[in-house]
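A closer look at the structure
In case you want the letters, here they are:
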Amino acid sequence: MKHIALITAGGVGLRMAASNPKQFLTLAGVSILERTIQVFDEHSLIDCVLVTLPVAFVDEWNARPRPCGAKPMRVVPGGPTRQASVFNGLLSIDEDHAIVAIHDGVRPLVSARTIRACIEAAEDTGAAIAGRRIKETVKRQRGELLETEPRESLWLAHTPQVFRKQLILRAHECAFRDGFEGTDDSCLIERLGLPVRMVEDSATNMKITTPEDLALAELLLS
């Protein structure tokens, strides 16, 4: 069964307040997106890489030379939302029986261990995502009242989020039909009443969305 990395990089990164989309900003001399792709390029379980990009950047990216020995890579134009971009990527995959690892293009510090653990869990269950258990006390506000949530059952969702291709494609098709927009891919599986396995991730697998995040990532790399 083929293992495909689907790197989502179709956004414009408004919170970064930069002239270029955040995925093209440099992190220790290399673009964030290139660093993210490299992790999957070098992973022994990944067969090929699929990247969604803003339409205006597709030709420029395709013209870049690929490193010697890199995995096969294709670029797909992104859509108006992250969910639409992922859906475009899934529709471009010819293989019916594949494992698809969907990953944010601005999470360049994901570990090879996390990728492997998520892939192995998805092969077993059909759907698995990386995440971290919440350690802080979590409050829910209802008017003037506060309620304390039981944190033992709460997770922060990360990527990669890994699925059997036919399963995640069906979930996206149902969401598109119903006009449902989720905040990640696993919630589309949840809508179908199907289980998703959580895989414990590290704190360093951060999503770079602000200048402060970029500065912290630089520090972690150094």
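Placed above this text is the structure.
Residues numbered from 1 in each chain as written. Predicted model: local features only at pLDDT ≥ 70, side-chain atom pairs only at ≥ 80, totals over all residues. Heavy atoms only, no water.

**As for helix H3 (residues 82-91)**
Buried residues of H3: Gln83, Ser85, Val86, Phe87, Gly89 and Leu90, and no others. Looking at the buried side of H3, the elements it contacts are strand E1 (2-8), strand E4 (48-53), strand E5 (73-77), strand E6 (98-104), helix H5 (165-178) and helix H6 (186-191). (Buried < 20%, exposed > 50% of the residue type's maximum accessible area, 1.4 Å probe, protein only. Helix = DSSP H or I, 4+ residues; strand = E, 2+ residues; numbered from the N terminus. Contact = heavy atoms within 4.5 Å.)

**Details of the environment of aspartate 213**
Tracing the backbone shows aspartate 213 in helix H7 (residues 211-221). For the pair aspartate 213 and glutamate 173, spaced 40 residues apart in sequence, the C-alpha separation works out to 33 Å. Not counting residues up to four positions away in its chain, the partners in contact with aspartate 213 are Met206, Lys207 and Ile208.

**Here's the deal with the pattern of salt bridges**
Taken as a whole, this structure holds 12 salt bridges when the rule is applied. Aspartate 104 is the partner of arginine 82 in a salt bridge, and the nearest nitrogen-oxygen pair spans 3.2 Å. Taken together, the positions of arginine 82 in helix H3 and aspartate 104 in strand E6 put the pair 22 residues apart, joining distant regions of the chain. Note that lysine 165 is salt-bridged to aspartate 96, the shortest N-O span being 3.9 Å. In this pair, lysine 165 is assigned in helix H5 and aspartate 96 in the loop between H3 and E6, connecting sequence segments 69 residues apart. Assessed through its relative accessible area of 5%, lysine 165 is described here as buried. Residue classification places aspartate 96 among the partly exposed residues on the basis of a relative accessible area of 45%. (Salt bridge = Lys/Arg side-chain N within 4 Å of Asp/Glu carboxyl O.)

**Let's talk about the packing of aromatic side chains**
All told, the structure shown has 3 aromatic pairs when counted by the stated rule. When the ring of phenylalanine 24 is compared with that of tryptophan 61, the centres are 6.0 Å apart and the planes differ by 45°; the resulting orientation is tilted. Here tryptophan 61 lies in helix H2 (residues 58-62) and phenylalanine 24 lies in the loop between E1 and strand E2 (26-27), a separation of 37 residues in the sequence. Arranged with centres 5.8 Å apart and planes meeting at 50°, the rings of phenylalanine 87 and phenylalanine 176 form a pair that is tilted. With phenylalanine 87 in helix H3 and phenylalanine 176 in helix H5, the pair connects residues that are 89 residues apart, well separated along the chain. Taking relative accessible area as the criterion, phenylalanine 87 reaches 13% and is therefore assigned buried. Classification of phenylalanine 176 by relative accessible area gives exposed; the value is 64%. Through successive ring pairs, a cluster of aromatic residues spans Phe24, Phe57 and Trp61. Across from the ring centre of phenylalanine 180, 4.4 Å away, lies the NZ or CZ of arginine 191, which sits over that ring. (Phe/Tyr/Trp six-rings, centres within 6.5 Å; stacked < 30°, edge-to-face > 60°. Lys NZ or Arg CZ within 6 Å of the ring centre and 35° of its normal.)

**Some remarks on the sheet that holds strand E7 (residues 127-133)**
As summarised here, the arrangement of the 7 strands in space is E5-E4-E1-E6-E10-E7-E11, forming an open sheet in which the pairing is mixed. Of all strands in the sheet, those bounded by a partner on one side alone are E5 and strand E11 (197-200). Taken pair by pair, the neighbouring strands of this sheet meet at an average axis angle of 25°, ignoring direction. Here E4 pairs with E5 via 5 bridges, running parallel. If you follow valine 49 over to E5, its bridge partner there is methionine 73. Relative to strand E10 (residues 155-164), helix H4 (residues 112-125) is tilted by about 60°, and along the sheet it contacts E1, E6, E7, E10 and E11. (Pairing = 2+ DSSP bridges. Axes fitted to C-alpha atoms, helices over the stretch in contact; angles between N-to-C directions.)

**Focus: the side chain of threonine 159**
Checked against the element boundaries, threonine 159 lands in strand E10. Among the polar contacts made by the side chain of threonine 159, one reaches the side chain of histidine 103 at a distance of 2.9 Å. In contact with threonine 159, not counting residues within four places along its chain, are Arg82, Ile102, His103, Asp104, Arg107, Val110, Ala130, Asp201 and Asn205. (Polar contact = N/O pair within 3.5 Å; in protein donor to acceptor, adjacent residues only side chain to side chain.)

**Structural notes on H7**
Buried within H7 are the following residues: Asp213, Leu214 and Ala217. Buried residues of H7, viewed axially, fall in a sector of 100°; they line one side. Opposite the buried face of H7, by more than 90 degrees, sit the exposed residues Glu212 and Leu219. Looking at the buried side of H7, the elements it contacts are E2 and helix H1 (32-41). (Arc of directions from axis to C-beta.)

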